[in-house]
Protein chains: 2
Amino acid sequence: MSLKHALLGFLNYKGMTGYELKQCFDRSVHYFWNANLSQIYPTLGQMEKEGLLTMEVEYQESRPNRKVYHITGAGCEELHRWLREPMDPPPVRQAFLVKVFFGGSLEKEEILAQLRQELELHCNLLAILEDRAREGLQQSIEDTGFKREGLFWGLTLEAGIKSKKAWIEWLEEAIAKVELYS
Amino acid sequence: MSLKHALLGFLNYKGMTGYELKQCFDRSVHYFWNANLSQIYPTLGQMEKEGLLTMEVEYQESRPNRKVYHITGAGCEELHRWLREPMDPPPVRQAFLVKVFFGGSLEKEEILAQLRQELELHCNLLAILEDRAREGLQQSIEDTGFKREGLFWGLTLEAGIKSKKAWIEWLEEAIAKVELYS
DNA sequence: GCTTCCATGTAAAGTGTTACATGATTGC
DNA sequence: GCAATCATGTAACACTTTACATGGAAGC
């Protein structure tokens, strides 16, 4: 499970609640990893049992108490073990390509509609990524003062931008080919 | 579930056993979708119950009987409904980028080792895809006589090649940056 | 002799999404 | 008045992987 390791990664920056961790996901890694609160909460509980985290309760009035999790020595070790560990190739699942693969059984205009919709979607996503690259990243680095970390955060953004651009290029070529030959 | 639709797609070409369907996956779409036999068999059974498929048993001696599945009218409709249906953006999960994101807590050489290993892996995968693009695809089109389908099969291959190349480029840039700045 | 191919599955565990449940405070 | 923010979770469902189980035939 990589959710565990992502949680360890963020908690290695500082102690946080499940709710705050969710915000970390949404603000920084959402374009290559996501998690629901309903998945985060039980996972944190489990990690506490495993000794990777400790939890302290901050009592609040008129709100549920905050459960702040902190990484332990064992958690830190586990994070670094995972970071160093070689990864085996991830299982790929691109449902859109399954559609294209069987696109021959649709009418030309129907498959073109799919391709054009996908193109529009990814153009929008690219714009969002590029905005984030310009503004958000610099902001995060200033907020945290994490300069070395910022280099790696930037790399993941560039990966996203590069692969989106490649995907968009392919979509444009695919549309042209289908218009011509199909 | 897209496995169902992928199975419908293949069975729309011709009737097959679960074992043969697995081979279809391995030979054609494995670089963007995969399935285990232990997942295929129960799914086929379920699809039969739902009326998407029919099954006939071919009796064999000294081997388990072959259960050949055929697509029904309802199955064909469901396939086309899905193919036409707009897709919502897929959940993205790139564990490798999670590692890079938290790469700041590794030593320079440790993160470089990860990046280099990933580069080598994807260079190999690219070579396989390019081989398949040159030889395998043409073969499949000749074997089946499916010309129009071949166009779409080719598009998915090009998508794979294009995105692998983008990934490799990014890895090379990332390695250079980490070597310089980290 | 050992591996691969053919051909079927079941069971358990792991991972993830969606729906349900609560409830005060702040901003539009 | 309505939505969003803060803050916690449970339960059910959906999907996928891994391990287990069988066993003959063909090729090296």
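We now turn to the structure provided with this report. (Residues numbered from 1 in each chain as written. Chains lettered and ligands numbered in written order. Predicted model: local features only at pLDDT ≥ 70, side-chain atom pairs only at ≥ 80, totals over all residues. Heavy atoms only, no water.)

1. Focus on the packing of helix H1 (residues 2–13) of chain B against helix H2 (residues 18–29) of chain B
Residue and element names in this part refer to chain B. Our working definition: Throughout, an axis means a line fitted to C-alpha atoms (over the contacting stretch in the case of helices), and angles, computed between N-to-C directions, take values from 0 to 180 degrees. For helices the rule is a DSSP run of H or I covering at least 4 residues; for strands it is a run of E covering at least 2, with both sets numbered from the N terminus onward. What sets the label is the angle itself: under 35 degrees gives roughly parallel, over 145 gives roughly antiparallel, 65 to 115 gives roughly perpendicular, and the rest give oblique. Should any heavy atoms of two residues lie within 4.5 Å, those residues are considered in contact. Following the grouping adopted for this structure description, the nonpolar residues are Ala, Val, Leu, Ile, Met, Phe, Trp, Tyr, Cys and Pro, the charged ones are Asp, Glu, Lys and Arg, and the polar ones are all others, Gly among them.
Two numbers describe how H1 lies on H2: the axes approach to 11 Å, and their chain directions differ by 95°. One way to sum up the angle between H1 and H2 is to call them roughly perpendicular. Along its contact with H1, which presents Leu-3, Ala-6, Leu-7, Phe-10 and Leu-11, the element H2 presents Leu-21, Cys-24, Phe-25, Ser-28 and Val-29. Counted by class, the contact of H1 with H2 contains nine nonpolar, one polar and no charged residues.

2. Some thoughts on the interface of chain A and chain B
Let me state the cut-off plainly: A simple way to read buried area is as the amount of 1.4 Å-probe accessible surface that goes missing from two parts once joined, with both sides added. Salt bridges are defined by distance alone: a side-chain nitrogen of Lys or Arg within 4 Å of a carboxyl oxygen of Asp or Glu. Identification of polar contacts relies on pairs of N or O atoms within 3.5 Å, with a donor-acceptor requirement for protein atoms, meaning one able to donate a hydrogen and the other able to accept it, and with residues adjacent in sequence counted only if both atoms are side-chain atoms.
With 62 residues of chain A at the interface, the matching set in chain B holds 62 residues. Of the roughly 6,300 Å² buried at the junction of chain A and chain B (both faces included), carbon and sulfur atoms supply 67%. Our count for the chain A to chain B interface comes out at eight salt bridges. For the pair chain A and chain B, the number of links is 32 residue pairs in polar contact (both at pLDDT 80 or more). Looking at the side of chain A that touches chain B, the elements that each hand over two or more residues are helix H1 (2–13), helix H2 (18–29), helix H4 (73–84), helix H5 (95–101), helix H6 (108–144) and helix H7 (147–181) of chain A. Per-element accounting of the side of chain A that touches chain B gives the leading share, 19 residues, to H7(A). Split by residue class, the side of chain A that touches chain B holds 34 nonpolar, 14 polar and 14 charged.

3. Things to note about the protein's contact with DNA strand C
Spelled out, the test is: Each residue is tested against the molecule or strand, and it is near if at least one of its non-hydrogen atoms lies within 4 Å.
Surveying the vicinity of DNA strand C reveals 20 residues, the closest of which are A:Met1, A:Ser38, A:Gln39, B:Tyr41 and B:Lys67. Sugar plus phosphate: this is where 69% of the atoms of DNA strand C within 4 Å of the protein reside. Measuring from a phosphate oxygen of DNA strand C, one finds a backbone N or O atom of B:Tyr19 at 3.1 Å. One of the side-chain nitrogen or oxygen atoms of B:Arg93 is found 3.1 Å away from a phosphate oxygen of DNA strand C. Of all the secondary structure elements, the ones that give two or more residues to the surface near DNA strand C are helix H3 (37–49) of chain A together with H2, helix H3 (37–49) and strand E2 (66–71) of chain B.

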